[in-house]
Number of protein chains: 2
Amino acid sequence: MNSYNSQLLDNAVAELGKLPGIGRKTALRLALHLLRQDEAESVALGEAIINMRKNIRYCKVCHNISESETCEICSDRSRDPSIICVVENIKDLLTVESTREHKGLYHVLGGVISPLDGVSPSDLEIQSLVDRVAAGGISEVILALSPTMEGDTTNFYISRKLAPYDVEISMLARGVSIGNDLEYTDELTLGRSIVNRVPYK
Amino acid sequence: MNSYNSQLLDNAVAELGKLPGIGRKTALRLALHLLRQDEAESVALGEAIINMRKNIRYCKVCHNISESETCEICSDRSRDPSIICVVENIKDLLTVESTREHKGLYHVLGGVISPLDGVSPSDLEIQSLVDRVAAGGISEVILALSPTMEGDTTNFYISRKLAPYDVEISMLARGVSIGNDLEYTDELTLGRSIVNRVPYK
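Just so we're clear, the structure is a prediction, and the values are computed from it rather than from any experiment.

Undergrad: Would you explain the pairing of strand S6 (residues 168-171) of chain A in this entry?
TA: Remark: a regular strand shows side chains that alternate across the two faces of the sheet. Residue and element names in this part refer to chain A. By the bridge criterion, four bridges tie strand S5 (residues 140-143) to S6 in an arrangement that is parallel. From the neighbouring strand, Glu 140 faces S6, where its bridge partner is Glu 168. Note that the unit made of S5, helix H6 (residues 149-162) and S6 has a crossover that is right-handed. Relative to strand S7 (residues 198-199), S6 is paired through two bridges, and the arrangement is antiparallel. Along S7, the bridge assignment pairs Ser 170 with Pro 199.

Written out as structure tokens, the structure is:
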């Protein structure tokens, strides 16, 4: 089954099949579903994807997704701007945010240090975090990276970079299961880990 | 986690989450993947979906997907136009086609008779099948519906409708597992069932 007798269907199946976790059979099933349902529904999906990818921006302060220069969280006056929670990516930001335990701001690194994957500190938003702290007004940096080797390495690197500054550095309480990715942690455990956070080292 | 701090992301997650088998968490994962990868890639997916849904047509003879009035299969002079294989939907057509055992044409019913789901014979392309047979030149109709109660009911209904005409009616050999949907049958078993097809009743 390489060709589905229609270049249009072939294209859609090929593009859907590039999504993570979507194999060729699932891609075909999704494509046929999109053909079967109302045209408006399928077009809405296509347009939502294009609009999102073309128009979404990133906060110049914390690198969260945003629709303006600074994101909704950084612009929220009710949040404590003196506490920065450092996360690996936007998904982890959303996961931490869903616990409702963090009242401060964020800093999205865009990854963790991983020599095996060719990710070095300069590939991440670490210098911009140091700059934020250096600018003053920050009392605490919470390191909320996944409790993996790469996360620990990144925690260590950041803590060294921030050592010259008068800022408390804390990390998630090790209630989170060691070796798991942060996104699989349940909200209760993760929230508790933020409440019980401990000083770094 | 109801809002992701961005209406654009919210929309994309909501639309992706409407796809069959895609829950809210998977939808968010897919949306973030689409954000991360090259803009051209994500736009290509969105456009492939829209182009497919807006521009695909259906063959006026067999109701297969098509990009012109008659589909590639009906237009293929190397195929035997005297044998029609009746299938429930386009996915089953693709499954039968992948066995390479059927050299004739197809007829896509658009479903099977199912009073419980409110599908009656008039909702299906049965009359157009009878018209094709009535027009002459057809020597055999192969009923390749799923071996379920609904499939059997539809087989019976079609065989009665075609009884007045001088056409052989065959059905898939019952090598296919009874009670399963056709799309889950492996290609070898299905191919064998076409080769060993038996006269209806």
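Next, the rest of the story.
Undergrad: Please explain the relation of the copies chain B and chain A as it appears in this structure.
TA: Look at the two chain copies: a rotation about an axis and a shift along it is all it takes to match them. Rotating chain B by 180° and moving it 0.0 Å along the rotation axis overlays it on chain A with an RMSD of 0.1 Å. These values place the two chain copies in the arrangement generated by a two-fold rotation axis. Looking at the rotation axis and the C-alpha trace of chain B, the residue lying nearest is B:Gly46, at 1.9 Å. When the interface residues of chain B are mapped onto chain A, 100% of them are again interface residues, pointing to one common binding face.

Undergrad: I would appreciate a short explanation of the pairing of strand S5 (residues 140-143) of chain B in the present structure.
TA: All names here are of chain B. Neither face of S5 is left uncovered, since the one carrying Glu 140 and Ile 142 and the one carrying Val 141 and Leu 143 both have all their residues buried. Here strand S3 (residues 80-87) pairs with S5 via four bridges, running parallel. Across the sheet, residue Val 86 finds its bridge partner in S5, namely Leu 143.

Undergrad: Help me understand unusual backbone geometry in this model?
TA: Residue and element names in this part refer to chain B. A positive phi angle is found at His 63, which is not glycine, with a value near 70°. Here His 63 falls in the buried class, since its relative accessible area comes to 17%. For Arg 100, which is not a glycine, the phi torsion comes out positive at approximately 60°. Relative to the helices and strands, Arg 100 resides in the loop between helix H4 (90-98) and strand S4 (104-108).

Undergrad: Explain the sheet that holds strand S7 (residues 198-199) of chain B here, please?
TA: Think of a sheet as strands paired side by side through backbone hydrogen bonds, with each pair either parallel or antiparallel. All names here are of chain B. If you trace the five strands from one edge of the open sheet to the other, you get S4-S3-S5-S6-S7, paired in mixed fashion. In the strand order of this sheet, the two ends are held by S4 and S7, each with one partner. As paired elements, S3 and S4 share five bridges and run parallel to each other. Of the residues in S4, the one forming a bridge with Ile 84 is Leu 105.

Undergrad: What is the right way to look at the packing of helix H3 (residues 39-55) of chain A against helix H3 (residues 39-55) of chain B in this model?
TA: When two helices pack together, their arrangement is given by the angle between the helix axes and by the axis-to-axis distance. Contact geometry of H3(A) with H3(B) gives a least axis separation of 8 Å together with a crossing angle of 165°. The angle between H3(A) and H3(B) places the two elements in the roughly antiparallel class. Crossing hand, H3(A) versus H3(B): left-handed. Between H3(A) and H3(B), the contacting residues are A:Glu39, A:Ser42, A:Val43, A:Leu45, A:Gly46, A:Glu47, A:Ile49, A:Ile50, A:Arg53 and A:Lys54 on the first element and B:Glu39, B:Ser42, B:Val43, B:Leu45, B:Gly46, B:Glu47, B:Ile49, B:Ile50, B:Arg53 and B:Lys54 on the second. Of the residues in the contact of H3(A) with H3(B), the class split is eight nonpolar, four polar and eight charged.

Definitions and cut-offs
- Residues numbered from 1 in each chain as written.
- Chains lettered and ligands numbered in written order.
- Predicted model: local features only at pLDDT ≥ 70, side-chain atom pairs only at ≥ 80, totals over all residues.
- Heavy atoms only, no water.
- Pairing = 2+ DSSP bridges.
- Helix = DSSP H or I, 4+ residues; strand = E, 2+ residues; numbered from the N terminus.
- Right-handed = clockwise from strand over helix to strand, strands pointing away.
- Least-squares fit on C-alpha atoms with pLDDT ≥ 70 in both.
- Contact = heavy atoms within 4.5 Å.
- Buried < 20%, exposed > 50% of the residue type's maximum accessible area, 1.4 Å probe, protein only.
- Axes fitted to C-alpha atoms, helices over the stretch in contact; angles between N-to-C directions.
- Parallel < 35°, antiparallel > 145°, perpendicular 65-115°, else oblique.
- Left-handed = near helix turned anticlockwise from the far one by under 90°.
- Nonpolar A, V, L, I, M, F, W, Y, C, P; charged D, E, K, R; others polar.

Such coordinate-based values are descriptive only and should not be taken to indicate function.
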